[in-house]
Amino acid sequence: MFAAAALLSSFAVAAQVKWFITITLIVSVYAFCLSLPLAAITGYRGLSSSGPFAAKLIFAGNTIGSIASLAASVALVYAGYVSL
């Protein structure tokens, strides 16, 4: 996130793309900040949505974090390509 924040102002894309990158990275980080410590505390890895509520919550956090991180990566590649 620090590297993306440093480069975000130099991209020649619309402000909406910059906001999309920012929001998806923030969502990804907070989802992982919720799910990974909870996984360490409860002992569930969050690899499937079956099991108790904690396992489902960890799975949802990992899924949201992964999808948001992937979306931010695609948007960063797009912003880099447009800024060439």
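Values in this document were obtained by computation on a predicted structure and should not be read as measured data.

Enquirer: So what about the nonpolar core? Which residues, and what values?
Expert: Core analysis: the biggest nonpolar cluster contains nine residues, these being Ala4, Leu8, Phe11, Val13, Ile21, Leu25, Ala72, Ala75 and Ala79. Taken together, the elements giving at least two residues each to this core come down to helix H1 (2-8), helix H2 (15-42) and helix H3 (53-82). In terms of residue count, the dominant contributor to this core is H3 (three residues). Non-local contacts of alanine 75, meaning those with residues more than four positions away in its chain, are made with Phe20 and Ile21.

Enquirer: Could you give me a rundown of H3, with the residues and numbers involved?
Expert: Helix length check: H3 (30 residues) gives 43 Å between terminal C-alpha atoms against 44 Å at 1.5 Å per residue, within 8%. Those residues of H3 that fall on the buried side of the exposure criterion are Ala54, Ala55, Ile58, Gly61, Asn62, Gly65, Ala68, Ala72, Ala75 and Ala79.

Enquirer: Tell me about a nonpolar patch on the surface, and name the residues and values.
Expert: Where nonpolar side chains cluster on the molecular surface, the patch consists of Met1, Ile26, Val29 and Tyr30 and spans about 400 Å² of accessible area. Note on placement: valine 29 falls in helix H2.

Enquirer: Lay out the environment of alanine 71 in plain terms, naming residues and giving numbers.
Expert: One can find alanine 71 in helix H3. A sequence separation of 22 residues divides alanine 71 from serine 49, and the C-alpha atoms of the two residues are 22 Å apart. Sequence-distant contacts of alanine 71, defined by excluding residues within four places in its chain, comprise Phe20 and Thr24.

Enquirer: Tell me about H2, and name the residues and values.
Expert: Since the α-helix advances by 3.6 residues per turn, residues separated by three or four positions end up pointing in the same direction. Between the first and last C-alpha of H2 there are 41 Å, a value that for 28 residues agrees with the 40 Å anticipated at 1.5 Å per step. Packed against the buried residues of H2 are H1 and H3. Looking one or two residues beyond H2, the residue adopting positive phi is glycine 43, at roughly 90 degrees.

About the thresholds
Residues numbered from 1 in each chain as written. Predicted model: local features only at pLDDT ≥ 70, side-chain atom pairs only at ≥ 80, totals over all residues. Heavy atoms only, no water. Core = buried A, V, L, I, M, F, W, Y, C linked by side-chain atoms within 4.5 Å. Buried < 20%, exposed > 50% of the residue type's maximum accessible area, 1.4 Å probe, protein only. Helix = DSSP H or I, 4+ residues; strand = E, 2+ residues; numbered from the N terminus. Contact = heavy atoms within 4.5 Å. Expected span 1.5 Å × (residues − 1). Patch = residues over 30% accessible without salt bridge, like charges linked within 9 Å, V, L, I, M, F, W, Y side chains within 5 Å. Areas by Shrake-Rupley, 256 points an atom, 1.4 Å probe, with all protein chains shown as cover. Salt bridge = Lys/Arg side-chain N within 4 Å of Asp/Glu carboxyl O.

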